[in-house]
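# Structure assessment
Take a look at the letters that make up each chain.
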Amino acid sequence: MKIRTTRALQCSATLVAAGLLLTACGSSGGSGSGERAGSTSFKGRGPITYVAGKDTSGVVQKVIDRWNTLHPKEKVTFVQLPTDADSQRQQMIQNAETKSDAYTVLSLDVVWTSEFAAHQWIDRLPEKQFPLRNMLKPVVETAKYRGALYAAPASSDGGLLYYRTDLLKKAGIAQPPTTWSQMTADCAKAKKLPEAKGMSCYAGQFQKYEGLTVNFAEAVGSAGGVVTDANGKPDVDTPEARKGLDFLAGSVKNGTIPREAITYQEEDSRQAFQSGKLMFLRNWPYVYALAEKSKLAGKFAVAPLPGLNGPGSSSLGGHNLALSSYARNKATAVDFMKFFSSEDSASTFLRDASLAPPYAHLYDEASLVKQYPYLPVLKRSILRAVPRPRVVQYGDVTSAIQQEAYAALTGSKSSAQALKDLQSALQKSTAQ
Ligand code: GLC
């Protein structure tokens, strides 16, 4: 790495070493390559790539095709990575570490912004060129590192409870549950119906990967706990966190969550719900459009996630567009990022694939609310969602969470022991 002496870079280097919070060096911005990139126009036009996890909806290629028709000399090739976030992150890091120009625009999970920006794997972006003011504030925050913009919000994500309206109604239950115990009781009642024979109650994403970090954080948050406190310090060895983890581990033990759910990622759990195996499912908004096209059409609805004593809280998910520092044709890349993150594209992603838009007003637009009646619920879920730890060493943090949560879910550790061990692992990975 070139030696630069600005305060910003000294700060950034310390943060990389310590894996600390993005706010630790303040948000006054600074000099260094980041700011130069932010204010200088990007150079180079020609073909580029767009790199993202596998597109389950088919809508991504449709939007890219639209761009390619308009820009035949600046074509975008869609490079599809595996569906799970951890593999995507690994491949993007590998690309950056080899300084390869194979990836141009990265679809960055909202939790990776600090890590990619601090390592200068992505360029700082010119804030004024993106309509951030029209976007939901917590979504814009996920795209910033130390107060500067490093990504353009493309889609947000908030956890939702999918449930079988047909079966609940038949069992005499008019409203979706707001607490975990109501959910279990509703399920027990509905399972008595002949058409519910063999069904399980609930699943989320419990395989050892990023989805488990999300589900763990949601369970902890929905029981009144936190993963990190307001100062960014780990705080998981608490009675509240234990109640959250106990809900998950206890549900696997007593069969409320079927044993096979410890192998589920998003897609496995969606398939299980669509094929009628589950009464309740925790998943992201993208499931809605796909389930509406399945045999479950008209037989399900979505509600806020339930919690211990009342409605629960969601982890904040989503994807932002970042520009690889090692890419060529950056002028084309920035134009494509503007196009792909525009309100027009967001509205196509919403209409065709029920992806949560970053744009606030789309959640209130009558024709969209007609198509997706849960949009106001989703907006609230995103506005109240809890960000996962914003740390540079996110990889260490998430793998510690995955390891301990999985140990508790599979019964190889008690929740209490897993949380104790997690607290010390998190303290180590965020220590100076
Ligand atoms: C979704 C979310 C992302 C999260 C991932 C976990 O893709 O948008 O933020 O990390 O699921 O599996």
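See the structure shown above.
Notes on the structure follow. (Residues numbered from 1 in each chain as written. Predicted model: local features only at pLDDT ≥ 70, side-chain atom pairs only at ≥ 80, totals over all residues. Heavy atoms only, no water.)

Phi is positive for Lys-99, close to 55 degrees, though the residue is something other than glycine. As for its position among the elements, Lys-99 is in the loop between α4 (85-97) and β3 (105-109). Phi at Asn-329 is positive, roughly 55 degrees, even though this residue is not glycine. Position of Asn-329 among the secondary structure elements: in the loop between β11 (316-323) and α13 (330-340). (Helix = DSSP H or I, 4+ residues; strand = E, 2+ residues; numbered from the N terminus.)

Time to look at the sheet that holds strand β1 (residues 48-53). Sheet strands pair via backbone hydrogen bonds, and the direction of the pair is either parallel or antiparallel. Pairing is mixed in the open sheet, where five strands are placed in the order β2-β1-β3-β11-β6. Only two strands of the sheet have a single partner each, and these edge strands are β2 (76-81) and β6 (152-158). In this sheet, neighbouring strand axes are inclined to one another by 20 degrees on average, regardless of whether the strands run parallel or antiparallel. Two elements, β1 and β2, share six bridges in a ladder whose sense is parallel. (Pairing = 2+ DSSP bridges. Axes fitted to C-alpha atoms, helices over the stretch in contact; angles between N-to-C directions.)

Moving on to the site of the ligand. The environment of the ligand is made up of Asp-109, Asp-157, Tyr-209, Glu-210, Gly-211, Glu-266, Trp-284, Gly-317, Gly-318, His-319 and Arg-388. The separation between an oxygen atom of the ligand and a polar side-chain atom of Glu-266 is 2.6 Å. Contact distances for the ligand include 3.1 Å between an oxygen atom and a side-chain N or O atom of Trp-284. Here the ligand has 310 Å² of accessible area as a free molecule, and 91% of this is covered by the chains. Elements represented by at least two residues in the shell around the ligand include exactly α9 (210-221) and β11. Element by element, the count of residues in the shell around the ligand is highest for β11, at three residues. Residue composition of the shell around the ligand, grouped by class: two nonpolar, four polar and five charged. If you count residues domain by domain, the shell around the ligand takes at least three from each of domain 1 (13-158 + 317-383) and domain 2 (160-316 + 390-430). (Near = heavy atom within 4 Å. Polar contact = N/O pair within 3.5 Å; in protein donor to acceptor, adjacent residues only side chain to side chain. Areas by Shrake-Rupley, 256 points an atom, 1.4 Å probe, with all protein chains shown as cover. Nonpolar A, V, L, I, M, F, W, Y, C, P; charged D, E, K, R; others polar. Domains from an automatic or database assignment.)

So, about the side chain of Ser-200. Here Ser-200 lies in strand β8 (residues 200-203). Classification of Ser-200 as buried rests on a relative accessible area of 17%. Discounting residues that sit within four places of it in the chain, Ser-200 has contacts with Pro-258, Lys-277, Leu-278 and Met-279. (Buried < 20%, exposed > 50% of the residue type's maximum accessible area, 1.4 Å probe, protein only. Contact = heavy atoms within 4.5 Å.)

Here the focus is the pairing of β11. Each regular strand carries side chains that alternate between the two faces of the sheet. Counted residue by residue, β11 has seven buried out of eight residues, so it is predominantly covered. Two strands pair when backbone bridges link them, and β6 and β11 are joined in this way by six bridges, in the antiparallel orientation. If you follow Gly-158 over to β11, its bridge partner there is Leu-316.

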